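What follows is the residue order along each chain.
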Amino acid sequence: MTIKLNSKTRSVPVEDANLVDLLKTDNLYLQRGIAVAVNDEILPRQSWEKYQVQDNDNILVITATQGG
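Residues numbered from 1 in each chain as written. Predicted model: local features only at pLDDT ≥ 70, side-chain atom pairs only at ≥ 80, totals over all residues. Heavy atoms only, no water.

**Brief notes about the overall build of the protein chain**
Helix and strand counts for the protein chain stand at one helix and five strands. Going from N to C terminus, the protein chain has its helices and strands arranged as β-β-α-β-β-β. In summary, the protein chain has a C-alpha radius of gyration of 12 Å against a globular reference of 11 Å for 68 residues, a match within 12%. Across its three principal axes, the protein chain shows a C-alpha extent of roughly 40 × 25 × 20 Å. Counting all 68 residues of the protein chain, 31% fall into the buried class. The contacts in the protein chain between residues at least 6 apart in sequence include a share of 51% that link residues at least 24 apart. Of the roughly 4700 Å² of accessible surface on the protein chain, a fraction of 47% belongs to carbon and sulfur atoms. Measuring between centres, the 7 positive side-chain charges of the protein chain sit 8 Å from its 9 negative side-chain charges. (Helix = DSSP H or I, 4+ residues; strand = E, 2+ residues; numbered from the N terminus. Rg over C-alpha atoms; globule rule 2.2 N^0.38 Å. Buried < 20%, exposed > 50% of the residue type's maximum accessible area, 1.4 Å probe, protein only. Contact = heavy atoms within 4.5 Å. Areas by Shrake-Rupley, 256 points an atom, 1.4 Å probe, with all protein chains shown as cover. Lys, Arg positive; Asp, Glu negative; His and termini not counted. Charge placed at Lys NZ, Arg CZ, Asp CG, Glu CD.)

Structural data, given as structure tokens:
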């Protein structure tokens, strides 16, 4: 299946269609201060394990930054 992850198109094997597995392959899952939006809708962290990635999903991983 094909998805967009942070605006980059990529192919994902169907067996890796769990959002947590996808985030782990890109070393994003353990990062602190991240939020995930799927198709312009923020998913609560407790929903990540249940969410099955779908063909043509647009996934955006947002990292909180500190400024001043």
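There is more to say, and it comes next.
**Notes on the pairing of strand β2 (residues 8-11)**
Successive residues of a regular strand alternate their side chains across the two faces of the sheet. Bridge count between strand β1 (residues 2-5) and β2: four bridges; the pairing is antiparallel. If you follow Ile3 over to β2, its bridge partner there is Arg10. Counted between consecutive antiparallel strands, the loop separating β1 from β2 contains two residues, among which Asn6 sits at a positive phi close to 50 degrees. (Pairing = 2+ DSSP bridges.)

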